[in-house]
Amino acid sequence: MATANTRVGLIGLAVMGKNLALNIADHGFDIAVFNRTTSVTDEFIKENPITPGKLIGCQSLREFVAAIARPRVVVVLVKAGPAVDSIVQQLIEAGLDAEDIVVDAGNSLWTDTIRREKEYAGKIKFFGSGVSGGELGARFGPSLMPGGDPASWKHLEPIWKAIAAKVDAKTGQPIPGAEPGKPVQGGVPCTAYLGPNGAGHYVKMVHNGIEYVDMQLISEAYFLLRSLLGLKPDELSAIFSDWNRTELDSYLIEITADVLRQRDPRNKRKFLVDVIVDAAGQKGTGKWTASNALDMGIPANSIAEAVFARCMSAIKGERLIASKKLRGPTIKKLRAGTAVIEAIRQALYCSKICAYAQGFQLMREAQKEYNWKLDFGTIASIWRGGCIIRARFLQKITDAYQINPQLVNLLMDPYFRKEIRNGQDDWRKVITLAVQQGIPAPAFMSALAYYDAYRSAVLPANLIQAQRDYFGAHTYERLDSPSGEFFHVDWPAANRPELKV
Ligand code: NBP
């Protein structure tokens, strides 16, 4: 029987769990590990004989629970959904008690986290934490988004702060240099307590919704550059590398430059991107964000558009048939001048600002709905390093919310107002070009529609209200009467002589 010589354990040794366990061990914490398929645990222990903190492989959940000293911190990284409940039930049966903390670090739906916290109260303390950064992030420093009972956070905090990505305190730039067994020293950790129950998982979901738009915008920029200028992938790679030295400096732009210069392993004369099927997959967190925006009545149209763009890409068979039947303009190639490239860069940057504005607007509404007090400056600051959307401009978002924590919309911040003022002529030119030439750019267009609608004192919704009142007696408010006073007209022309023509 194992003896309790550690405070932390981890369950689920797939991509994320293995790497997070090694990261925890790198920081000197002994850690007990368990995986449902026990051969995976054996291999993991065999492959990693020496780590600064000891890895304790367990063959059963009873052995696992016994290996951890109370109060236990058990990090769960199994497939989101019923597997989480199944593991929690089994852990309770194996001996976890009311003082022990189960940290669900998977991509769980925030409402499940709220439900689980209540359901398991008195048996264990259930805590939720988003983890972003993929395999490498988990291994060398992810962005961690914890939410739940503050007393549980106190037990998790030293581990989470140790293993999180670190950024420079002054510049907000990620501190590079982590290696196996040699964690980064110093810097500000990319984690902070975000709020009770589902707050951490909610923020992680919105992070993923923004990630969907970021990726869609980059792919639209790539497609426009390619379609309009006829550039090859390695030439496009050079452009993205250049952009990575501007305000667009970010992990996703950096990996795009890498992806575009990658040759096909089967045929080195080709580029890999050209042999990859143009049908994007999705696991659901973008859809959750978009459908939550619909539920709450928040105009996160670019997030929804990015999800729909993946859906459109996935009906490749239909698109192939339609491409032979449906006519549009023939694309006329432009000369590859720097002006077009810069215009597309500006369009990408302005659209990106709108995507973040939508994500933060959504979180603002959610905090009212769930009675959270989200600190948007802190959220932006813990996304500066470790996560997939890490980007230089997150420092600017951090600054914007630190200057004005009550900021209603990111677009109203003086810095971002100026950036869009500078870039919007180019943004509009690029969208005009896309429309004239018949090149799909749905996220660019939806972001501009968001910007134009948000800055409009008057929208055509007066006509919608009149139509609604006409066919459904839904009533309307008048500009010349106090808000909250509702009117109805007996519309049918038969009853209203002045409507007869
Ligand atoms: P997966 O999401 O692919 O899950 C595989 C793990 O879940 C394996 O350890 C598997 O055990 C275990 N598991 C399953 Br499936 N059903 C189980 C059950 N009923 N009881 C116990 N264990 C069960 O792993 P992942 O990609 O490492 O992701 C883990 C979590 O982190 C997920 O929630 C994911 O959404 C989230 N996440 C993933 C990434 C990423 O880049 N992959 C990034 C951020 C967050 P087995 O070996 O016995 O099948």
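Preceding this section is the structure that the text describes.
All values reported here derive from a predicted model rather than from experimental measurement.

**Q** Where do I start with the side chain of D413 in this structure?
**A** Relative to the helices and strands, D413 resides in the loop between α16 (394-403) and α17 (414-437). Nearest to the buried, unbridged D413 among oppositely charged side chains is R417, at 7.5 Å.

**Q** What's the story with the site of the ligand in this structure? I'm lost.
**A** Of all residues adjacent to the ligand, which total 18 residues, the nearest are M16, N35, R36, T37 and N107. One of the backbone N or O atoms of M16 is found 2.8 Å from an oxygen atom in the ligand. Here the ligand has 910 Å² of accessible area as a free molecule, and 76% of this is covered by the chains. Secondary-structure elements contributing two or more residues to the shell around the ligand are α1 (15-26) and α4 (82-93). Along the lines of polarity and charge, the residues of the shell around the ligand split into 10 nonpolar, six polar and two charged.

**Q** How should the pattern of salt bridges be read in this particular structure?
**A** Side chains that differ in charge, positive against negative, can pair when their charged atoms come close. Scanning the model with the defined rule gives 26 salt bridges in all. D104 is paired through a salt bridge with R116; the nearest N and O atoms lie 3.8 Å apart. Of the two residues, D104 sits in strand β5 (residues 101-104) while R116 sits in helix α5 (residues 110-119), which places them 12 residues apart along the sequence. D104 sits in the buried class, given a relative accessible area of 1%. Look at R116 and you get buried, because its relative accessible area is 1%. Among the salt bridges present, the one from R345 reaches E342, with a minimum N-O distance of 2.9 Å.

Parameters at a glance
- Residues numbered from 1 in each chain as written.
- Predicted model: local features only at pLDDT ≥ 70, side-chain atom pairs only at ≥ 80, totals over all residues.
- Heavy atoms only, no water.
- Helix = DSSP H or I, 4+ residues; strand = E, 2+ residues; numbered from the N terminus.
- Buried < 20%, exposed > 50% of the residue type's maximum accessible area, 1.4 Å probe, protein only.
- Lys, Arg positive; Asp, Glu negative; His and termini not counted.
- Salt bridge = Lys/Arg side-chain N within 4 Å of Asp/Glu carboxyl O.
- Near = heavy atom within 4 Å.
- Polar contact = N/O pair within 3.5 Å; in protein donor to acceptor, adjacent residues only side chain to side chain.
- Areas by Shrake-Rupley, 256 points an atom, 1.4 Å probe, with all protein chains shown as cover.
- Nonpolar A, V, L, I, M, F, W, Y, C, P; charged D, E, K, R; others polar.

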